[in-house]
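Structural overview for review
The residues making up each chain are set out below.
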Amino acid sequence: PGDVAGHCYTDGQVGGARMWFPCSDVLDVSYPLEVRVTLPAGNIAIASLPTIKAKESKGKARFTFKSLAGIDLPARALALAAGPFIKLNDPASQKVAHYCLPHIDAEQRLSFSTQYVSRSAAVLEQLIDTPLPCERYNQVFVAHPPMLVDSQPSMTIACSSLLYDPSVLDQSFEIIKRQVSALVGQWFGVNSLLRPEAWNDTWLLQGLCGHVTNLCMKKLHGNSPYLVHIREETHAVCTEDTLTTPALCSSAPAHPFEHTQELKVRKATLVMRLVEKRIGDANFKKVLAYLLSKTSRGPETISTKRFFKAVRKCSGQDMESVMAHWIYGRGCPLLTANFNVNRRRNLIEFAMRVSNEDLRAKAKQDQLTVRVHETEVTYDRTIKIEPDEFVVDEFPHQSRWRKRKSEREEERRGEDEVIVEIMDRNDTPLLWLRVDPEVTWIRKVDLTQSDYMWVFQLYKDRDVGAQLEAIEGLCKSMLNPVRDTKGMVPVASDYLQALAIRVLVATVQKEALYYRVRAKAAETLGAMTILDQDTGAAQRIAVPALLQAAREMCVDPETDLPYANNLSNLSNYFVRKAALEGLASAREALWTGVTVEVFQLLLLLLKHNDNSENEMSDGDYIATLLLALARATTDLPGEADKTNKQIQRYMQRDRLMPSFGHAITCAALGAIQHLMTRNLVPLDLAPFLAHAKVGQSFKVRCAAMGCLARLTPLNPAILKLILNVLSLETVPLVRHETLRALLAGPAAQLKASRAFYKPTSINTSIVDSAWDLVNVATAYDVKARYLAATLYTALFGDQIPECLVHRLELLRPVPSSRDLECLRAVDANAPNLKLKLKVSSNKAPQPKPAGLGGGGGGGGG
């Protein structure tokens, strides 16, 4: 469409192969495949099969692809792309090639975007100790595929939106990770030589692929991003995995698409990491090598039982019983821990509650580590998990209780002022304590320790995860405070409030720390809240300190104008964005309860943004400012008009000088929708409809349709418009993202408000449109059909929609059970019914062959 060169490619969705050629598209059926492609001259074809012949004659280009002898492929593994692609051989590897469609600076973007592929391949071959399992690896970038990255044997089909130039900052890490994941799929993809035996075994390959991808990214980018990623993934899985969520491996009937959902992929990746943590890196490498050795003679299937049998063979440990809860169970435990230093007995008394009963029953052979940091030594204490709800342990501390004055002075020398100040408050040899520091469980931890211990942990522990835990623990009582059962509001002491603000501001300003820790401190400053004991009114007590820190980072004190953009220091750039988002979230939560200076600062940064001396793109920075300004806008006179003026200004700029992925336009649409949702501007669908039209960038169209979806609770009739657009939509990604936006919250709000209760014409047409979307419009899009069916259930439940009850009068009554029994009953006195059928042909009668006798003219039917 538009200015994109004509090309074609396969879908790659679950169950999608049978949509374009006749086959048995099931998990355990493979074929020897041969594909012949004829194209107009000037085009090329790339397939997930070895190339046998490629020639061009008489204005036609002909390609023949054929699977190797003894290596059959399932139908879903056949991938094909054809078009006028530009080819780039990887300069660092002769086995790797990249393709993209012709456009401005195509070769430069293709070369820059794929620079990590060959390096990642070398890292992976070293990690897995097995060479790349294909002779050639091709990466093809096409327009608007249904998945951003689709990894198939020897080939990956990716979206051309992943191509970027050197000026892009924010998306580069995620794009690199997607390409690495596709490369790992050559060893451990669902369609690789190592294949799942059944759909409920796909979690094995998803987990192996995700975990090996994380290990490769750790090699490429360092340990700190890896630790933060593991922490975030663990938190996300614990939040989403409830007692009603399907188990990771279950024999219950499920749609194949359900086995590829994000939650299962995340959880499977973490489970593989837990296996590696328990058996060790060396043994885990042996397991991978053993599994891949099975594929040396051809494809090999793998099941959950066989995988753990391989683990037991290579490591000598039975991991299936230890991992049983996370594989076959549901929910993640909450570990509530506390401790006491018994000065009289010189003991540390530790107690912990494990909330998940199913886990306690299945993890009897498992254990947890408690890391104890004392003044003179650091050591780990192993705690065995018992079926009881509470785990209790006590052990002696290993540092001296009292020290000489000279020793204490020596400890204070060279320390930060905050550490020197709180040393006087610490009267025990215990500095701080951590539960499960290596994250060997998929869990949440709620640990109670004193304020000075959290400060020690933040300043002294070099582990990024420990620093993030310390920030949350220090401000635990000031994040989302609520009244207790007695109606009292827990309020931190004035000293603790001042200490927390002081420590977090120092963390934001300390450039030696990892930027994610500094960004977390900035977000926490914006979220710190105390409640008034009498009125219950909330106060964001740290906003003035955060506002001052943000002004120091962004505004020149001499001219009172923003500094010119300098994005060479990426750490400061991301911290600045986090500080501005923290200020916006504080004013969004309390409206006029937060100073108007927050709005004025954000408006100043947008009005006087200067990127003339900067080589990097400021598109994502402006997008962040637009969304932050919309969130910080209140009903004070003039604020909404000023915000809307800046939104229109930057939308016009993005038309003239497009940002990467049109990030500014997408953020501007989100800002307008946010103002409408909060009733700060009138509801007007015109800007969203204009940007949802065919011809716009698919990312802009996704953003516009997502905004319309989030506005449906304000006007349910918008849902009719969205469903009509989706029934005619030709770009799969737009359809998928719109359905996800509806399922992310608006569908539940519409059902809770009973918006479709009345039997009006608009309500009945919405039900009919939703039904047609499931059964007609998405017949050839497996993913969209699954999402549409989920949306229908979320809106109307699994019964007849309330607005269609009046139609039941037009239906014939269903026979009762008694009527059915009467129909089935046989009357012995009734005469037998004899039926004689005669079947004849419509063809003219043929003369009888000589020598054959006459027979009956009819046949029994």
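Residues numbered from 1 in each chain as written. Predicted model: local features only at pLDDT ≥ 70, side-chain atom pairs only at ≥ 80, totals over all residues. Heavy atoms only, no water.

Before going further, it helps to examine the sheet that holds strand E11 (residues 137–142). Spatial ordering of the open sheet is given by E9-E10-E11-E13-E12, a layout of five strands whose pairing is mixed. Sheet topology places strand E9 (86–89) and strand E12 (149–152) at the edges, where each strand pairs with a single neighbour. Averaged over all neighbouring strand pairs, the angle between strand axes comes to 15 degrees, with direction disregarded. Here strand E10 (residues 96–100) pairs with E11 via four bridges, running parallel. Pairing of His98 across the sheet is with Gln139, part of E11. Running over the sheet, helix H3 (residues 172–188) touches E11, E12 and strand E13 (155–159) and is turned about 20 degrees from E12. (Pairing = 2+ DSSP bridges. Helix = DSSP H or I, 4+ residues; strand = E, 2+ residues; numbered from the N terminus. Axes fitted to C-alpha atoms, helices over the stretch in contact; angles between N-to-C directions. Contact = heavy atoms within 4.5 Å.)

Most of strand E18 (residues 367–374) is tucked away, with six of its eight residues classed as buried. Both E18 and strand E19 (residues 378–384) contribute to a ladder of seven bridges, which runs antiparallel. For His373, the partnering residue across the bridge sits in E19 and is Thr378. Here E18 folds back onto E19, and the loop between the two strands holds three residues. Both E18 and strand E21 (residues 430–435) contribute to a ladder of five bridges, which runs antiparallel. The residue of E21 that forms the bridge with Val370 is Val435. (Buried < 20%, exposed > 50% of the residue type's maximum accessible area, 1.4 Å probe, protein only.)

Structurally, the position occupied by Asp556 is in strand E25 (residues 555–556). Of the side chains with opposite charge, Arg551 comes closest to the buried, unpaired Asp556, at an N-O distance of 9.8 Å. (Lys, Arg positive; Asp, Glu negative; His and termini not counted. Salt bridge = Lys/Arg side-chain N within 4 Å of Asp/Glu carboxyl O.)

Evaluated as defined, the whole model comprises 15 aromatic pairs. Put simply, the rings of Tyr514, Tyr515, Tyr573, Phe574 and Tyr621 pair up and form one aromatic cluster. The ring of Tyr757 has Arg754 lying over it, and the distance from NZ or CZ to the ring centre is 4.1 Å. (Phe/Tyr/Trp six-rings, centres within 6.5 Å; stacked < 30°, edge-to-face > 60°. Lys NZ or Arg CZ within 6 Å of the ring centre and 35° of its normal.)

Let's shift gears to a positive patch on the surface. Taken together, Lys53, Lys55, Lys58, Lys60 and Arg62 make up a surface patch of like positive charges. Only strand E5 (51–57) and strand E6 (60–66) provide two or more residues apiece to the positive patch. With respect to the secondary-structure elements, Lys60 resides in strand E6. Overall, Lys60 belongs to the partly exposed group, its relative accessible area being 37%. (Patch = residues over 30% accessible without salt bridge, like charges linked within 9 Å, V, L, I, M, F, W, Y side chains within 5 Å. Areas by Shrake-Rupley, 256 points an atom, 1.4 Å probe, with all protein chains shown as cover. Charge placed at Lys NZ, Arg CZ, Asp CG, Glu CD.)

As a general point, the strands of a sheet are linked pairwise by backbone hydrogen bonds and lie either parallel or antiparallel. Across the sheet, which stays open at both edges, the three strands sit in the order E19-E18-E21 with antiparallel pairing between neighbours. Looking at strand neighbours, the two that pair on one side only are E19 and E21, the edges of this open sheet. Averaged over neighbouring strand pairs, the angle between their axes works out to 25 degrees when direction is ignored.

Moving on to helix H2 (residues 117–128). Between the first and last C-alpha of H2 there are 16 Å, a value that for 12 residues agrees with the 16 Å anticipated at 1.5 Å per step. Listed in full, the buried residues belonging to H2 are Val117, Ser118, Ser120, Ala121, Val123, Leu124, Leu127 and Ile128. Tucked inside the fold, the buried residues of H2 contact E10, E11, H3, helix H4 (202–221) and helix H7 (281–293). Looking at the residues trailing H2, positive phi occurs at Asp129, about 60 degrees. (Expected span 1.5 Å × (residues − 1).)

Right, let's get into the packing of helix H13 (residues 451–460) against helix H15 (residues 494–509). Two quantities define a packed helix pair, namely the angle between the helix axes and the distance between the axes. Interhelical geometry of H13 versus H15 gives an angle of 5 degrees and a closest axis separation of 11 Å. With respect to each other, H13 and H15 are oriented roughly parallel. Side by side, H13 and H15 meet where Asp451, Val455, Leu458 and Tyr459 of the first sit next to Tyr495, Leu496, Leu499, Val503, Ala506 and Thr507 of the second. Along the lines of polarity and charge, the residues of the contact of H13 with H15 split into eight nonpolar, one polar and one charged. (Parallel < 35°, antiparallel > 145°, perpendicular 65-115°, else oblique. Nonpolar A, V, L, I, M, F, W, Y, C, P; charged D, E, K, R; others polar.)

Tracing the sequence through the fold places Arg266 in helix H6 (residues 262–279). A polar atom in the side chain of Arg266 sits 3.3 Å from the side chain of Glu233. Once you skip the residues sitting within four places of it in the chain, Arg266 turns out to touch Glu233, Ala236, Val237 and Glu240. (Polar contact = N/O pair within 3.5 Å; in protein donor to acceptor, adjacent residues only side chain to side chain.)

With that settled, the discussion passes to the pattern of salt bridges. The tally for this structure, following the rule as stated, stands at 33 salt bridges. As a salt-bridge pair, Glu262 and Arg266 come within 3.4 Å of each other at their nearest N and O atoms. Of this pair, Glu262 and Arg266 both sit in helix H6, four residues apart, which is roughly one turn of that helix. Under the relative-accessibility criterion, Glu262 is labelled exposed at 55%. With its nearest N and O atoms 2.8 Å apart, the salt bridge here joins Glu802 to Arg754. Remark: Arg754 occurs in the loop between helix H27 (746–752) and helix H28 (761–777) and Glu802 occurs in the loop between helix H29 (782–796) and helix H30 (817–824); sequence separation between them is 48 residues. For Glu802, a relative accessible area of 40% gives the class partly exposed. By relative accessible area, which is 46% here, Arg754 ends up partly exposed.

Attention shifts here to the confidence of the model for the protein chain. Across the protein chain, pLDDT averages 87, with 90% of residues at or above 70. Long-range and interchain partners of residues 839–861, a stretch whose pLDDT sits below 50, account for nine contacts in this model, where long-range means more than four residues apart. (pLDDT = per-residue confidence, 0-100.)

The subject of this paragraph is unusual backbone geometry. In this model, Val439 sits at a positive phi of 55 degrees, which is unusual for a non-glycine residue. For Val439, the position within the fold is in the loop between E21 and strand E22 (444–447). Residue Val439 is classed as buried on the basis of its relative accessible area of 16%.

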